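Listed below, chain by chain, are the residues.
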Amino acid sequence: MANFNLKINGKSHTVDVEDDTPLLWVLRDSLGMVGTKFSCGIAQCGACTVHLDGKATFSCVTPISSVGNSEVTTIEGLSEEGDHPVQKAWEEVDVAQCGYCQAGQIMTAAAFLEQNPNPSMEEIDNAMNRNICRCGTYHKIREAVALAAKTK
């Protein structure tokens with residue numbers, strides 16, 4: 001076990017975990033931040049997406065030892081009031097069905113729109129293609145990302 005000093009959602013945290021512990025489990029089990037979801041555990045679905053220095057990252061396969069001084073942002077830290085443009089667009093379009101994948105979808109979309117604020121539909125599809133929605137709400141996800149881009 002080792003101590004790791006982390007910057008998560010603008011706050012400092014120290015955890016004592018094995019250096020190969022995935023960031024996902026540090027967030028959920030050590031720090032009680034359960035907005036980031038576990039699904040596949042092999043970086044194939046995107047439910048565990050967080051931002052590392054603004055870049056969408058699969059936390060289920062990111063060892064805590066690789067985080068270093070990076071700023072981690074989870075769905076809980078995307079906006080204090082749930083009013084990030086992507087979150088507002090998600091509500092307006094009524095994207096969620098079961099909701100399980102939504103945190104990862106939103107985090108992927110938010111990072112993407114920071115890099116590409118005026119995307120085409122094809123660019124949205126390419127950016128979101130690593131996130132799986134078991135309910136198949138891809139058309140609504142696409143619509144919400146496009147709406148968020150217009151309202152940003």
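Residues numbered from 1 in each chain as written. Predicted model: local features only at pLDDT ≥ 70, side-chain atom pairs only at ≥ 80, totals over all residues. Heavy atoms only, no water.

The name recorded for the protein chain in an unreviewed UniProt entry is (2Fe-2S)-binding protein, from Algoriphagus aquatilis.

**Q** How should the packing of aromatic side chains be read in this particular structure?
**A** Here a ring pair, both rings aromatic, is described through the centre-centre distance and the interplanar angle of the planes. Counting across every chain of the model gives one aromatic pair. For the pair Trp 25 and Phe 38, a centre-to-centre distance of 5.1 Å together with 45° between the ring planes defines the contact as tilted. Separated by 13 residues along the polypeptide, Trp 25 in helix H1 (residues 23–30) and Phe 38 in the loop between H1 and strand E3 (49–52) bring together distant segments of the chain. Exposure remark for Phe 38: the relative accessible area of 32% places this residue in the partly exposed category. Over the ring of Tyr 100 we find Arg 134; its NZ or CZ atom is 4.7 Å from the centre of that ring. (Phe/Tyr/Trp six-rings, centres within 6.5 Å; stacked < 30°, edge-to-face > 60°. Helix = DSSP H or I, 4+ residues; strand = E, 2+ residues; numbered from the N terminus. Buried < 20%, exposed > 50% of the residue type's maximum accessible area, 1.4 Å probe, protein only. Lys NZ or Arg CZ within 6 Å of the ring centre and 35° of its normal.)

**Q** Even after reading the chapter, I still don't get the environment of Ile 106, so can you show me in this structure?
**A** If you trace the backbone, Ile 106 turns up in helix H4 (residues 102–115). On the accessibility criterion, Ile 106 (9% relative accessible area) is buried. A C-alpha to C-alpha distance of 7.8 Å links Ile 106 and Ile 75, two positions 31 residues apart in sequence. Leave out the neighbours within four places in its chain, and Ile 106 touches Ile 75, Leu 78, Val 86, Gln 87 and Trp 90. (Contact = heavy atoms within 4.5 Å.)

**Q** Just to check I follow, could you spell out the nonpolar core for this structure?
**A** In a soluble, globular protein the nonpolar side chains are often hidden away together inside. Grouped together as the largest cluster of nonpolar side chains are 24 residues, with contacts concentrated most on Val 86, Trp 90, Leu 113, Ile 141 and Val 145. Mapped by element, the contributors of at least two residues to this core are helix H2 (75–78), helix H3 (85–93), H4, helix H5 (121–128) and helix H6 (138–151). If one sorts the elements of this core by residue count, H4 sits on top with seven residues. Beyond its immediate sequence surroundings of up to four residues, Val 86 is in contact with Ile 106, Ala 109, Ala 110, Leu 113 and Ala 148. Val 17, Val 26, Ile 64 and Val 67 belong to the second-largest nonpolar core, a separate cluster that totals 14 residues. (Core = buried A, V, L, I, M, F, W, Y, C linked by side-chain atoms within 4.5 Å.)

**Q** Please clarify how the pairing of strand E4 (residues 55–58) should be interpreted in this entry.
**A** Regular strands show a simple pattern: their side chains alternate between the two faces of the sheet. Two strands pair when backbone bridges link them, and E3 and E4 are joined in this way by four bridges, in the antiparallel orientation. Each bridged residue has a counterpart across the sheet, and for His 51 the counterpart in E4 is Ala 56. A loop of two residues connects E3 with E4, the two strands running antiparallel in sequence, and Asp 53 in this loop sits at a positive phi of about 50°. (Pairing = 2+ DSSP bridges.)

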